[in-house]
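Structure at a glance
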Amino acid sequence: MRSLYPFLSLFLLTLNQINLQAQCPPPGFPSPGGTCPTAPILCENLDGYCATINNNNVVQNFPGCPNNVLNNDEWFAFFAGTTTITIVVTPSNCQAGGNQGLQGGIYGGCINQIMDVQCPCSTNPFTLTSTNFVVGQIYWFVLDGCAGNVCNFAIDVTEGSTVGVAPPPPGPVTAPDTVCVGTSTGVSIAPVEAATIYNWTVTPALGTPTNTQPSTTINWGNTAGTAQVCVQVENACYENTATSCTTVVVIPKPTAVLSGTGVLCSGSGQPVNLTVTFTGTAPWTFTYTIAGVAQPPITTSTNPYTLPISTPGTVNLTSVNSPAGAGCSGTVSGSANIIQATINLAPNITGANCGMSNGAIDLTVTPANGTYTYTWSNSATSQDLTNIPGGNYTVTVTDQYGCTQAATIPVADNPININVTGTTTANTICNGGNGSISITVNPANPPAGSYTYLWSNGASTTTLNNLTPGSYTVTVTAGTTCTGTASFTVPDQPNTPNVTQSVTNANCGLSNGGINVSVSGGVSPY
């Protein structure tokens, strides 16, 4: 407990009432002060106080009484124990003169609040009262002798209390559980009756309270740790040594660093996974942009955190904070440039013919400045395919980033229409044959190489000679699957010989006859 002045207890005042009435101020009570700032505080009790006005003061304004001045004023202060206080001032033994008596007033805050004033001078008892006192506050009392008049005075408290008391212990402290270094946060308790001073402390000294009110702001320093925030209450007369405390965890400001890079492969549906590494206290909430476009915030307790990116552009972190500490914003760094790789395939196809391996695929890949590898379904690794039969060919193209693009390319097997025509020469002999067949094939130059010929008599040429009369069929083949067939008939047109004879008869049984035969037509020799 503290007091500006040691006073006798009210109990002792009562026991010595007769002696007190004989001495003003009463024993143990201070004399009034000459100004408001020098006024003594009568913490024990204002009731029963008495003193004598002096005449040594200078003229000064009389607050609340604009047409009056203070000449020889006396100041003292008292403790408000109730909200309503009524005080009776009794002047006595005023010096004879033209203007006798006292005037007075009660003020809060050393003349920044007028509680009540007595402006006219009076030698009779007068009353000062107010219902707006704040319990525990100190109020200032002035009494002035009019025009320098010197009087005795006595104070009687007829309503309320001016007995100073210590405030009760403070209640629970309201404060955030977690705060961030370098920030300011409010802490408070419910106002304590009769308390006018709230002594806030932070142990260890991780922060600094800014006032001595029921609510204060603590400016936290740059050191993290765990602190006890406590408050102890008092008034201008007495203190209560009890404290009320709460624990506050001071966390460091977070940091977030973005790392990684990658390429988005068009059409793959696979993101690029970047890494965000944090310091500080989890969880963390961070924001970022892709190509300058803000993305939704992410809150995570995972460290490091994998950030999947599915959009090309430069990725930048824009903020990070720890939600556990209100306003705990940190610093961010790092960026990543995500590019998108697109592989375009444009095949130029040459079809095969007649089952031959004469097809081709000329493959154009863009963008042209890429570096590519090729894997074909027929095990080829070149960009283009030549001398291939008809069919489906699948190619997988891989660029320098590992992105792939696949395509299945059909190569047609184109048939050709083989038209076979020919001329025949009839057989004109009776023994053996001398017929012939000569054929012409269209198109003359097949796209599948040269023609092959197979006749029904086993021949494999375009012309047959020395044929006996009859039917002959030829199959003309291009490649392995294109054929044309034609049948031809060699007619039988023999040239029959004509025989004429002349006869010479024999005579008289002699062998002197003769026959002369002549042959014409037919085919020699005969």
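Residue numbering note: each chain is counted from 1, following its sequence as written. With pLDDT at 70 or above as the cut-off, local features in this predicted model cover only qualifying residues; side-chain atom pairs require 80 or more to be listed or tallied, and sums for whole chains, interfaces and linings still use all residues. Side-chain figures throughout are based on the complete set of non-hydrogen atoms in the structure, without hydrogens or water.

**Description of empty space enclosed by the protein**
- Think of a 1 Å grid over the protein atoms and nothing else: a 1.4 Å probe that fits but is trapped marks a cavity, an open set flanked by protein within 12 Å on at least five of seven lines marks a pocket, and residues with an atom within 4 Å of a point count as lining. Grid points are joined across faces, edges and corners, and a volume is the space filled by probe spheres set on the points. Throughout the structure, instances matching the rule amount to one cavity of 30 Å³ or more.
- Here the largest cavity defines a volume of roughly 30 Å³.
- Lining the largest cavity are Cys 265, Ser 266, Ala 341, Thr 342, Ile 343, Cys 403, Thr 404 and Gln 405.
- Each residue gets one label: Ala, Val, Leu, Ile, Met, Phe, Trp, Tyr, Cys and Pro are nonpolar, Asp, Glu, Lys and Arg are charged, and the others, such as Gly, are polar. Considered class by class, the residues forming the lining of the largest cavity number four nonpolar, four polar and no charged.

**Topic: the pairing of strand β10 (residues 138–145)**
- The classification of residues rests on relative accessible area computed with a 1.4 Å probe and restricted to protein chains. Under 20% of the type maximum is buried, over 50% is exposed, and intermediate values are partly exposed. By definition, any uninterrupted DSSP run of H or I lasting at least four residues is a helix, any uninterrupted run of E lasting at least two residues is a strand, and each is numbered from the N terminus. Within β10, eight of the eight residues are buried, which leaves the element mostly enclosed by the surrounding structure.
- Neither face of β10 is open: one carries Ile 138, Trp 140, Val 142 and Asp 144, the other Tyr 139, Phe 141, Leu 143 and Gly 145, and all of them are buried.
- DSSP calls a pair of strands paired once it identifies at least 2 bridges connecting them. Pairing geometry for strand β5 (residues 72–79) and β10, over eight bridges, is antiparallel. Within β10, the residue paired with Glu 74 across the bridge is Leu 143.
- Here strand β7 (residues 102–108) pairs with β10 via seven bridges, running antiparallel. From the neighbouring strand, Gly 108 faces β10, where its bridge partner is Tyr 139.

**Here's the deal with the state of the cysteines**
- By convention in this document, the label disulfide applies to cysteine sulfur atom pairs within 2.5 Å. By the definition in use, this model includes 10 disulfides.
- Covalently, Cys 354 is tied to Cys 482 through a disulfide, its sulfur atoms 1.9 Å apart. Residues Cys 354 and Cys 482 are joined by a disulfide whose S-S torsion is about -95°; by sign, that bridge is left-handed. In this pair, Cys 354 sits in the loop between β31 (352–353) and β32 (359–366) while Cys 482 sits in strand β43 (residues 482–490), placing the two residues 128 residues apart along the sequence.

**Regarding the sheet that holds strand β8 (residues 113–122)**
- In spatial order, the strands read β1-β5-β10-β7-β8; together these five strands make up an open sheet with mixed pairing. The sheet is open, and its two edges are formed by β1 (41–42) and β8, each paired on a single side.
- In this structure, β1 lies alongside β5, joined through two bridges in parallel fashion. Looking at the pairing, Ile 41 lines up with Ala 77 of β5.

**A short note on the environment of Asn 132**
- Within the secondary structure, Asn 132 sits in the loop between β9 (126–130) and β10.
- With a relative accessible area of 52%, Asn 132 lands in the exposed category.
- Here, two residues are considered to be in contact whenever any of their heavy atoms come within 4.5 Å of each other. With sequence-adjacent residues up to four places away left out, Asn 132 is seen in contact with Thr 83, Met 115 and Tyr 139.

**Re the sheet that holds strand β16 (residues 215–220)**
- Strand order across the open sheet formed by three strands is β13-β16-β15, with antiparallel pairing between neighbours. Unpaired on one side and paired on the other, β13 (184–188) and β15 (207–209) mark the two borders of the sheet. Direction aside, neighbouring strands of the sheet carry axes that sit 30° apart on average.
- One ladder, built from three bridges, connects β15 with β16; its direction is antiparallel. Paired with Gly 207 across the strands is Trp 220, a residue of β16. Angles run from 0 to 180 degrees between N-to-C directions of axes, and those axes are lines fitted to C-alpha atoms, restricted for helices to the stretch in contact.

**Considerations on the nonpolar core**
- Of all hydrophobic cores here, the largest spans 26 residues; its most connected members are Leu 46, Ile 87, Phe 141, Phe 153 and Ile 155.
- Residue types Ala, Val, Leu, Ile, Met, Phe, Trp, Tyr and Cys, when buried and joined through side-chain atoms within 4.5 Å, form a set referred to as a nonpolar core. Residues Val 181, Tyr 198, Val 250 and Ile 251 belong to the second largest nonpolar core, which totals 23 residues.

**Structural notes on the packing of aromatic side chains**
- A pair of Phe, Tyr and Trp rings is counted when the ring centres sit within 6.5 Å of each other, with Trp represented by its six-membered ring. The angle between the planes then sorts it: under 30 degrees is stacked, over 60 is edge-to-face, the rest tilted. Enumeration over the complete set of coordinates arrives at 15 aromatic pairs.
- Here the aromatic rings of Phe 29 and Tyr 49 are separated by 6.1 Å at their centres, their planes lie at 45°, and the arrangement is tilted. Taken together, the residues Phe 29 in the loop between α2 (17–21) and β1 and Tyr 49 in the loop between β1 and β2 (50–52) connect sequence positions 20 residues apart. Residue Phe 29 shares its accessibility class with Tyr 49, and that shared class is buried.

**Concerning unusual backbone geometry**
- At the junction of Thr 366 and Pro 367, the peptide bond is cis and its omega measures out at 5° in the coordinates.
- Position of Pro 367 among the secondary structure elements: in the loop between β32 and β33 (373–376).
- Cis peptide bonds are those with omega within 30 degrees of zero, and the linkage from Asn 442 to Pro 443 qualifies with 5°.
- Looking at the secondary structure, you find Pro 443 in the loop between β39 (435–442) and β40 (451–455).
- The residue Cys 110 is not glycine, and still its phi comes out positive at about 55°.
- Along the chain, the position of Cys 110 falls in the loop between β7 and β8.

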